[in-house]
Amino acid sequence: MRRAETVAALATLAFGTFVVVQARALEDPGLDAIGPGAFPAVLGLVIAACGVVLLVQALAPRRREAEGDAEPPTRFGVLAVALALLVAYARSLEWIGFSLATVLFVAACLALLGVRSLARLVVTGIAVSLAVTVVFGRLLGVDLPAGRLFGG
Amino acid sequence: MDLFGAVVDGILRSLTPAGLLAVFVGVAWGIVAGALPGITASIGMALVLPFTFGADPDVALMLLAGVYVGAEYGGSIPAILIRAPGEPSNAPASLDGYAMHVRGETGRALGFSLVPGTIASVIGAVAMVTLLVPLSRLALAFGPPEFFALAIFGLSAVVGLSRRNLAKGIASAAFGLTLAMVGVDDLSGEDRFTFGIEGLVEGIQTVPVVIGMLAVSEVFAEIDRAHEPQASISTKVRTALPTLVEYVRCLPSTLLGTAIGIVVGVMPGAGATVASFLAYTESRRISKDGARYGEGVPDAVAAPEAANNAVVPTSMVPLLAFGIPGSTSAAIMMGALIMHGVRPGPQLLTGRPEIIYALFGGLLTASIAMYLLGRLFIRPWIYIVNVPKAYMITSILVLVVVGILGLELGVFEVYMVLVAGVVGFLMQRYGYNVVAAVLGLVLGPLVEQNLRRALVMSRGSADIFVERPIALALLLLAAASIAYPLIVDRVKRRRSP
């Protein structure tokens, strides 16, 4: 937890510094009182200052009131797979069309989240795909891609 | 148009087929979203926001208002049945509501959430319109320094609530403001923070980022927790509702909760959760059963549930009168308005009053819809809490993607939603304040433009913020709302060594 706090502090400090540097590089055409870079530079300074405070907090000796955070570790692996599935879903829409892509995405996502029955994966996939096509495609008129593979 | 005629027009607008459909669909989805764990009112609103794209602006507002109203009741269902509030603002109801459920009085507990909530919602809508007229007139007297100061106050009020870590809260708000700076600067024409990426030239679009940061990030958090066992509810519960006499007996605490909700709702930053906790503790003083709070007392459910519903309409007041949202839900409303080309602010009441009165009509109709839907379908709403998480998460992700398709945005925006989702998740995971960041993004252009205009007025001197009394007062309030929690914490620490 301690290390995570230090990393968060350093990330905040780095982002703030980056904003300041970028904002300072902006030219001021002198059209108004402070120019386009001034306010972003102040924001960058505020963020960097917060980063310094966080760094001090993270490195300071622990207070008595140790926060009792026994949070379980984040499952970054599962999250990365979920994100990859979403990207694949978004990319595949224009190729294989909404209906098929949704069946595949729903099945894959459920499998990732621990549903193990193949019948359930397939049935839910088809059900969600159909329901969305009817409700959003037909009733609400959302333009759901048909897919180039199917001449869309 | 006189006030009375305008109000009637607004109500009639919400009773047209399109209005009724928007309100009922909104409330039904709101109850579902509220009842689902992790999906708060603002997430529910963010998820339907894309589907308002093709609708008229007033119908869009009615749909969103319906979601907000419905969610405040929906959240009390899991609070009462499994002691896990669907919304943070339903936490007080989980104390006595759950105790009543354990005694076998589930229907009574739900009734004491539904009916006081409905009453509060109606009174709150009336309060909203009543407050709007004088406040909009006040807002017309505001210049750039005042708007700048008010926006800063709104932001710091939200930051002040990030108890866990103030530095992270401030950094989050500044981060949101920085995101708003991306794109071509209106005043100078300079490209800012675009790094040669074409999609960024017109700035970061609010709607995809709001959906990503609020909704997608929460879905990621749910995925992270998806392997944990899920509490399931027996749907064999007694659904006998309270009697009219019992409701009347709860009227004092209902009205107290409503009053607290109205006052807290108008203040930026505070919101439904603060109101419902306040109502819980304050109603204890006036309740005859005050000593038995926690054992399943009707007043202890009625007061907080009235308070969180009263907040819904009044939290729109800062947005409608000043153009400055004081909560995420109001920020989403603002996103919807801007998407439809309507600029919220003091000109709204004089320029396009029909939108405000349609929202008022929508809120009233939504209150009735909440009562009807809540009353007619007690059991189906209970089943929703039992939906396995895997199915809920998957459906919501599909809904997000369909929403982006509905907005007819490009591939770039799809990635924007995902990136915002990841950033939002990481911020949440490491104790940053996502709400402050979203509000910063929405308020960013307003803050900067008014700051620069004010400085042009004063020829570059910052004294203008000190010389104008309203601006000074607002900035002092902003400072106080950040300093106050710090002081309170320090005092508490000293008292309990």
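Counting from 1, residues in each chain are numbered in the order their sequence is written. Chain A is the first chain written and ligand 1 is the first ligand written, with later ones labelled in order. Totals for whole chains, interfaces and linings use every residue, but because this is a predicted model, local features are given only for residues with pLDDT of at least 70 and side-chain atom pairs only at 80 or more, for both listing and counting. Hydrogens are left out, water is left out, and the side-chain values use all remaining heavy atoms of the structure.

A.B. asks: I'm lost on the overall build of chain A in this one. Help?
C.D. replies: In terms of regular secondary structure, chain A is built from four helices and zero strands. The numbering of helices and of strands both runs from the N terminus, where a helix is a DSSP run of H or I of at least 4 residues and a strand a run of E of at least 2. Moving toward the C terminus, one meets the helices and strands of chain A in the order α-α-α-α. Just to be clear, the radius of gyration here is over C-alpha atoms, and the globule rule we use is 2.2 Å times residues to the power 0.38. For 152 residues, the compact-globule estimate of 2.2 N^0.38 gives 15 Å, and chain A exceeds it by more than 25% at 25 Å. Split into buried and exposed, the 152 residues of chain A put 38% on the buried side. Any two residues whose heavy atoms approach within 4.5 Å are treated as being in contact. The contacts in chain A between residues at least 6 apart in sequence include a share of 61% that link residues at least 24 apart. Exposure was quantified through the Shrake-Rupley algorithm and a 1.4 Å probe, taking into account, for residues, occlusion by the shown protein chains and nothing else. On chain A, roughly 8800 Å² of surface is accessible, and the fraction owed to carbon and sulfur atoms is 67%. Put simply, chain A has 12 plus and 10 minus side-chain charges, and the middle of one group is 13 Å from the middle of the other. Each residue is placed in one exposure class: buried if its accessible area under a 1.4 Å probe, protein chains only, is under 20% of its type's maximum, exposed if it is over 50%, and partly exposed if it falls in between. Counting rule for charge: Lys and Arg are taken as positive, Asp and Glu as negative, and neither His nor the chain ends is counted. Working definition for charges: the position is that of NZ of Lys, CZ of Arg, CG of Asp or CD of Glu.

A.B. asks: It is not clear to me how the overall build of chain B should be interpreted in this structure. Could you clarify?
C.D. replies: When helices and strands are counted, chain B shows 24 helices and two strands. Computed over its C-alpha atoms, the radius of gyration of chain B comes to 22 Å, within 12% of the 23 Å expected for a compact globule of 497 residues. Taking all 497 residues of chain B together, the buried fraction comes to 63%. Contacts spanning at least 24 positions in sequence make up 79% of the contacts within chain B whose residues lie at least 6 apart. With an accessible surface of roughly 18400 Å², chain B has 65% of that area assigned to carbon and sulfur atoms.

A.B. asks: Sorry if this is basic, but what is going on with the packing of helix H3 (residues 76–112) of chain A against helix H10 (residues 206–225) of chain B here?
C.D. replies: Between H3(A) and H10(B), the shortest axis-to-axis distance is 9 Å and the interhelical angle comes to 130°. It follows that H3(A) is oblique to H10(B) by the angle criterion. Between H3(A) and H10(B) the crossing geometry is right-handed. Only Phe220(B), Ile223(B) and Asp224(B) of H10(B) make contact with H3(A), whose side of the interface consists of Val78(A), Leu79(A), Ala82(A), Leu83(A) and Leu86(A). Structural elements are reduced to axes, namely lines fitted to C-alpha atoms, with helices fitted over the stretch in contact, and the angle between N-to-C directions of any two is expressed from 0 to 180 degrees. Should an angle fall under 35 degrees it is taken as roughly parallel, and over 145 as roughly antiparallel, whereas 65 to 115 is taken as roughly perpendicular and any remaining angle as oblique. Definitions for this section: a left-handed crossing has its near helix turned counterclockwise from the far helix by less than a right angle. A right-handed crossing has that turn clockwise.

A.B. asks: Would you explain the side chain of Ser156(B) in this entry?
C.D. replies: Considering the arrangement of structural elements, one finds Ser156(B) in helix H8 (residues 144–160). Not counting the four nearest positions on each side in its chain, Ser156(B) is found in contact with Ala478(B), Ser481(B) and Ile482(B).

A.B. asks: I keep staring at the interface of chain A and chain B and nothing clicks. Help me out?
C.D. replies: It is common to give the size of an interface as the accessible area that goes away when the parts come together. Every contact between the two is made by 64 residues of chain A and, on the other side, 54 residues of chain B. Put simply, buried area is how much 1.4 Å-probe accessible surface two parts lose in total, over both of them, once they are put together. Together chain A and chain B conceal approximately 5000 Å² of surface at their shared face, both sides included; 76% is due to carbon and sulfur atoms. Looking at the side of chain A facing chain B, the largest losses of area belong to Phe39(A), Arg75(A) and Leu113(A), adding up to 12% of the total buried there. When a carboxyl oxygen of Asp or Glu lies within 4 Å of a side-chain nitrogen of Lys or Arg, that pair is called a salt bridge. There are one salt bridge connecting chain A and chain B. One salt bridge connects Lys168(B) with Glu5(A), and the closest N-O pair in it is separated by 3.0 Å. Polar contact criterion, stated in full: a pair of N or O atoms within 3.5 Å, where within protein one must be able to donate a hydrogen and the other to accept it, and residues adjacent in sequence count only if both atoms are side-chain atoms. The interface formed by chain A and chain B includes ten residue pairs in polar contact (both at pLDDT 80 or more). Of all elements in the fold, only helix H1 (2–24), helix H2 (38–59), H3 and helix H4 (118–139) of chain A reach the threshold of two or more residues within the side of chain A that touches chain B.

A.B. asks: How do you make sense of the layout of surface pockets when you look at a structure like this?
C.D. replies: With a probe scaled to a water molecule rolled over the atoms, the places where space remains empty come into view. All names here are of chain B. Estimated volume of the largest pocket: approximately 1500 Å³. Elements represented by at least two residues in the lining of the largest pocket include exactly helix H3 (41–48), helix H4 (57–74), H10, helix H13 (271–286), helix H16 (328–339), helix H21 (411–429) and helix H22 (434–457). Examining the composition of the lining of the largest pocket, we find that seven residues originate from one element, H10, more than from any other. Cavities and pockets were defined on a 1 Å grid built over protein atoms only: a cavity is a set of grid points that admits a 1.4 Å probe from which the probe cannot escape, a pocket is an open set flanked by protein on both sides within 12 Å along at least five of seven lines, and lining residues are those with an atom within 4 Å of any such point. Grid points are joined across faces, edges and corners, and a volume is the space filled by probe spheres set on the points.

A.B. asks: Quick question: what am I supposed to make of empty space enclosed by the protein here?
C.D. replies: In this structure the tally under the stated criterion is three cavities of 30 Å³ or more. Its volume calculated, the largest cavity comes out at about 50 Å³. Lining the largest cavity, in full, are Gly265(B), Val266(B), Met267(B), Pro268(B), Gly269(B), Gly271(B), Ser315(B), Pro318(B), Gly326(B) and Ser327(B). Amino acids outside the nonpolar list (Ala, Val, Leu, Ile, Met, Phe, Trp, Tyr, Cys, Pro) and the charged list (Asp, Glu, Lys, Arg) are all regarded as polar, and Gly is one of them. Per-class residue counts for the lining of the largest cavity are four nonpolar, six polar and no charged. What the second largest cavity holds in volume is close to 40 Å³. Looking at the second largest cavity, the residues that line it are Leu86(A), Ala90(A), Val400(B), Val401(B), Ile404(B), Val414(B) and Leu418(B). Listed by contribution, the elements that provide at least two residues to the lining of the second largest cavity are H3 of chain A together with helix H20 (389–406) and H21 of chain B. Here the element with the most residues in the lining of the second largest cavity is H20(B); it accounts for three residues.

A.B. asks: Whenever I open this one, the pattern of salt bridges confuses me. Can you help?
C.D. replies: Any two side chains of opposite charge can pair, on the condition that their charged atoms come close. All names here are of chain B. Throughout the structure, instances matching the rule amount to 17 salt bridges over all chains. Where glutamate 282 meets arginine 285, a salt bridge forms, and the shortest distance between an N and an O atom there is 3.2 Å. Of this pair, glutamate 282 and arginine 285 both sit in helix H13, three residues apart, which is roughly one turn of the helix. The class for glutamate 282 is partly exposed, based on a relative accessible area of 26%.

A.B. asks: Can you help me understand the nonpolar core in this one?
C.D. replies: Among soluble globular proteins, nonpolar side chains are generally buried collectively. Among buried residues, those of type Ala, Val, Leu, Ile, Met, Phe, Trp, Tyr and Cys that are joined through side-chain atoms within 4.5 Å constitute a nonpolar core. If you look at the biggest cluster of nonpolar residues, it comprises 206 residues, and the most contacted ones within it are Met128(B), Met213(B) and Ile223(B). If one sorts the elements of this core by residue count, H3(A) sits on top with 15 residues. In this structure, Ala120(B), Ala127(B), Ala306(B) and Ala310(B) belong to the second largest nonpolar core, which totals five residues.

A.B. asks: Teacher, can you tell me more about the environment of Gln347(B) here?
C.D. replies: All names here are of chain B. With respect to the element layout, glutamine 347 can be found in helix H17 (residues 346–351). Overall, the relative accessible area of 51% leaves glutamine 347 in the exposed class. Sequence-wise, glutamine 347 and phenylalanine 193 are 154 residues apart; in three dimensions their C-alpha atoms are separated by 32 Å.

A.B. asks: Help me out: how do you make sense of a nonpolar patch on the surface in this one?
C.D. replies: Residues and elements named next belong to chain B. Patches in this entry comprise residues that are over 30% relatively accessible and not in a salt bridge; like charges within 9 Å are linked, as are nonpolar side chains (Val, Leu, Ile, Met, Phe, Trp, Tyr) within 5 Å. Together, Phe4, Val8, Leu12, Leu15 and Leu20 make up an exposed nonpolar region whose accessible area comes to about 460 Å². At three residues, helix H1 (residues 3–14) tops the list of elements feeding residues into the nonpolar patch. Summarising the element assignment, leucine 15 is placed in the loop between H1 and helix H2 (17–35). Looking at leucine 15, the relative accessible area reads 44%, which means it is partly exposed.

A.B. asks: Looking at this structure, how should I read H22(B)?
C.D. replies: Side chains that are three or four residues apart share a direction in an α-helix, a result of its 3.6 residues per turn. Residue and element names in this part refer to chain B. Take the residue count of a helix, subtract one, and multiply by 1.5 Å to get its expected span. For H22, with 24 residues, the first-to-last C-alpha span of 34 Å sits near the 34 Å given by 1.5 Å per residue. With 18 of 24 residues buried, H22 is to be regarded as a mostly interior element. The opening residue of H22, the one whose side-chain oxygen lies 3.2 Å from the backbone nitrogen of valine 435, is asparagine 433. Arginine 459, located one to two residues past H22, shows a positive phi value of around 55°.

A.B. asks: How should I be thinking about the packing of H2(B) against helix H18 (residues 353–376) of chain B in this particular structure?
C.D. replies: Helix-helix packing is characterised by the crossing angle of the two axes and by the distance between the axes. Residue and element names in this part refer to chain B. The interhelical angle for the contact between H2 and H18, taken along N-to-C directions, is 55°, at an axis separation of 9 Å. One way to sum up the angle between H2 and H18 is to call them oblique. By crossing handedness, the relation of H2 to H18 is classed as right-handed. When H2 is examined against H18, the residues Leu20, Val23, Phe24, Val27, Ala28 and Ile31 are found in contact with a partner set consisting of Gly362, Thr365, Ala366, Ala369, Met370, Leu372, Leu373 and Gly374. Of the residues that constitute the contact of H2 with H18, the class distribution is eleven nonpolar, three polar and no charged.

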